[in-house]
Amino acid sequence: MILLGIDTSCDDTSAGVVVDGRRALSNVVHSQVKVHHPHGGVVPELASREHIKNIMPVVEEALNRAKVGLRDLDGIAVTIGPGLVGALLVGLYYAKGVSYASGVPLVGVNHLEGHILSIFLEEQLPDFPFVALTVSGGHTNLYYVEDFGQYTLLGQTLDDAAGEAFDKVAKISGLGYPGGVAIERVARQGRGDRIRFPRAYLTKGSLDFSFSGLKTAVSLFMKKWEDHPDDVALADIGASFQESVVDVLVDKAILALRQKDAPALVLGGGVACNQRLRERMKVRAVEEGARLYTPRPEYCTDNGAMIAVAGYHRLQSGHCVGLDLDVRSRFPL
Ligand code: KG4
Ligand code: ZN
């Protein structure tokens, strides 16, 4: 089965073509970074307008690169949530139009399921069950995954998402948007043990996260540091902040593995591009006797191919096909 996947949930317009939920024939992403950069974050209204401009060329390029036409498709999968409503509507209504005109079935996909299943685009596959950590600009979730479509939420952020913390700290540090990449870059020159920022573990055994206290701690530190830099460099602050986020993500993911006695851990979402997180997680997973599966960065950040993967499994299980789909800004799995 050949599926086209479309995602316009946030600030990337993306489309990909995937065979049997496994093999990507194309994956095209149009980033809106330049548009949102001057504002230091995503402006929802601008995101919707950009999606309208870009959705047609992005989908056409995805089909061209895959060398398939509409009549070769067995399904069109589109993200219906969670995300920015105006942005989601662009993808959904474009997909509805294409589906109506071509007669190709339409299937609505949860963006988070896309992140969890993006690992299926890689050669090395995990067996079920596994623990999945999805860390992005909007979400920090731990799931126990028993099969396609069978996800149990083990923990989530109570306030900011991990990526949001990266973005906010980058903004107050003048490192710009998007923050994750900028902080990772500057952190390479700094010492992660220079400043001891807080780590929120919450109650004993909890798999929930909280990053807003850390963000405030960095902000307060920066205010004092600007007047009295001592011998602390901005790189040290970036590295120390990153170390704090990575410590919590690694510790909680390992705790989830233990609690569920799971043999494998799968990462997904934009923050999973972070090399420090990948390296530290690898070491701890191996110590734990578990295998770590990390999609390549292109499949960690938002992309259409992962939506095609999730859509394929939805279609296989006879799920929601139709033109009466609507978007949902909040959409728990
Ligand atoms: O999955 P994604 O592309 O979009 C959402 O669904 O949110 O994730 C974007 C988030 C942003 O917050 C960005 O700062 C973060 O992922 N990110 C990173 C890195 N690359 C992207 N965070 C830390 N280190 C990175 N290398
Ligand atoms: Zn995402």
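Residues numbered from 1 in each chain as written. Chains lettered and ligands numbered in written order. Predicted model: local features only at pLDDT ≥ 70, side-chain atom pairs only at ≥ 80, totals over all residues. Heavy atoms only, no water.

1. Points about the overall build of the chain
Link 1 in the chain: On a plain count of helices and strands, the chain comes out with eleven helices and ten strands.
Link 2 in the chain: For a compact globule of 333 residues, the expected C-alpha radius of gyration is about 20 Å, and the chain comes in at 20 Å, within 12% of that figure.
Link 3 in the chain: Dimensions of the chain, computed from C-alpha atoms along their principal axes, come out at roughly 65 × 45 × 30 Å.
Link 4 in the chain: Considering the chain as a whole, with its 333 residues, one finds that 55% of them fall into the buried category.
Link 5 in the chain: For the chain, restricting intrachain contacts to residue pairs at least 6 apart in sequence, the fraction spanning at least 24 positions comes to 73%.
Link 6 in the chain: Taking the average location of the 34 positive side-chain charges in the chain and that of its 39 negative ones, the two points are 2 Å from each other. (Helix = DSSP H or I, 4+ residues; strand = E, 2+ residues; numbered from the N terminus. Rg over C-alpha atoms; globule rule 2.2 N^0.38 Å. Buried < 20%, exposed > 50% of the residue type's maximum accessible area, 1.4 Å probe, protein only. Contact = heavy atoms within 4.5 Å. Lys, Arg positive; Asp, Glu negative; His and termini not counted. Charge placed at Lys NZ, Arg CZ, Asp CG, Glu CD.)

2. Considerations on the domain arrangement of the chain
Link 1 in the chain: Along its sequence, the chain is carved into domain 1 (2-116 + 300-316) and domain 2 (125-294).
Link 2 in the chain: One C-alpha centre belongs to domain 1, the other to domain 2, and the line joining them spans 27 Å.
Link 3 in the chain: Taken together, the 18 residues of domain 1 in the interface contact 23 residues of domain 2.
Link 4 in the chain: The interface formed by domain 1 and domain 2 contains zero salt bridges.
Link 5 in the chain: Along the contact surface separating domain 1 from domain 2 lie five residue pairs in polar contact (both at pLDDT 80 or more).
Link 6 in the chain: At the level of elements, helix 1 (33-36), helix 4 (111-117) and helix 11 (304-316) are the ones that each hand at least two residues to the side of domain 1 that touches domain 2.
Link 7 in the chain: Residue classes in the side of domain 1 that touches domain 2 are distributed as six nonpolar, eight polar and four charged. (Domains from an automatic or database assignment. Salt bridge = Lys/Arg side-chain N within 4 Å of Asp/Glu carboxyl O. Polar contact = N/O pair within 3.5 Å; in protein donor to acceptor, adjacent residues only side chain to side chain. Nonpolar A, V, L, I, M, F, W, Y, C, P; charged D, E, K, R; others polar.)

3. A closer look at the packing of aromatic side chains
Link 1 in the chain: One pass over the full model with this rule turns up seven aromatic pairs.
Link 2 in the chain: Between the aromatic rings of F120 and F128, the centroid separation amounts to 6.0 Å while the plane-to-plane angle is 25°, which identifies the pairing as stacked.
Link 3 in the chain: Between F128 and F148 the ring centres are 5.0 Å apart and the planes differ by 80°, which places this aromatic pair in the edge-to-face class. Remark: F148 occurs in the loop between strand 7 (140-147) and strand 8 (150-156) and F128 occurs in the loop between helix 4 and strand 6 (130-135); sequence separation between them is 20 residues.
Link 4 in the chain: Members of the aromatic cluster, joined through ring pairs, are F120, F128, F130 and F148. (Phe/Tyr/Trp six-rings, centres within 6.5 Å; stacked < 30°, edge-to-face > 60°.)

4. A few points about the side chain of S240
Link 1 in the chain: Its location among the elements puts S240 in helix 8 (residues 234-260).
Link 2 in the chain: By relative accessible area, S240 is classed as buried at 0%.
Link 3 in the chain: Discounting residues that sit within four places of it in the chain, S240 has contacts with R191, G192, D193, R194, I195 and F197.

5. Concerning the coordination of the zinc ion (ligand 2)
Link 1 in the chain: At the metal site, the zinc ion (ligand 2) is ligated by H111 (NE2), H115 (NE2) and D302 (OD), and these contacts range over 2.0 to 2.1 Å.
Link 2 in the chain: Taken together, the four donor atoms surrounding the zinc ion (ligand 2) define angles of 95 to 142° at the centre, an arrangement classified as irregular.
Link 3 in the chain: Sequence spacing among the residues donating to the zinc ion (ligand 2) works out to H-x3-H-x186-D. A residue pair is termed a helical-turn pair when its members lie 3 or 4 positions apart in one helix, as H111 and H115 do in helix 4 at four residues.
Link 4 in the chain: You can call H111 buried: its relative accessible area is 4%. (Donors = N, O, S within 2.8 Å, 3.2 Å for Na, K, Ca; no water. Tetrahedral: all angles 85-135°; square planar, octahedral: opposite > 155°, others 65-115°.)

6. A look at a nonpolar patch on the surface
Link 1 in the chain: Together, V85, L89 and Y93 give the surface a local cluster of nonpolar side chains, amounting to about 250 Å² of exposed area.
Link 2 in the chain: As for its placement among the helices and strands, Y93 is situated in helix 3 (residues 85-102).
Link 3 in the chain: According to the relative accessible area criterion, Y93 is partly exposed, its value standing at 47%. (Patch = residues over 30% accessible without salt bridge, like charges linked within 9 Å, V, L, I, M, F, W, Y side chains within 5 Å. Areas by Shrake-Rupley, 256 points an atom, 1.4 Å probe, with all protein chains shown as cover.)

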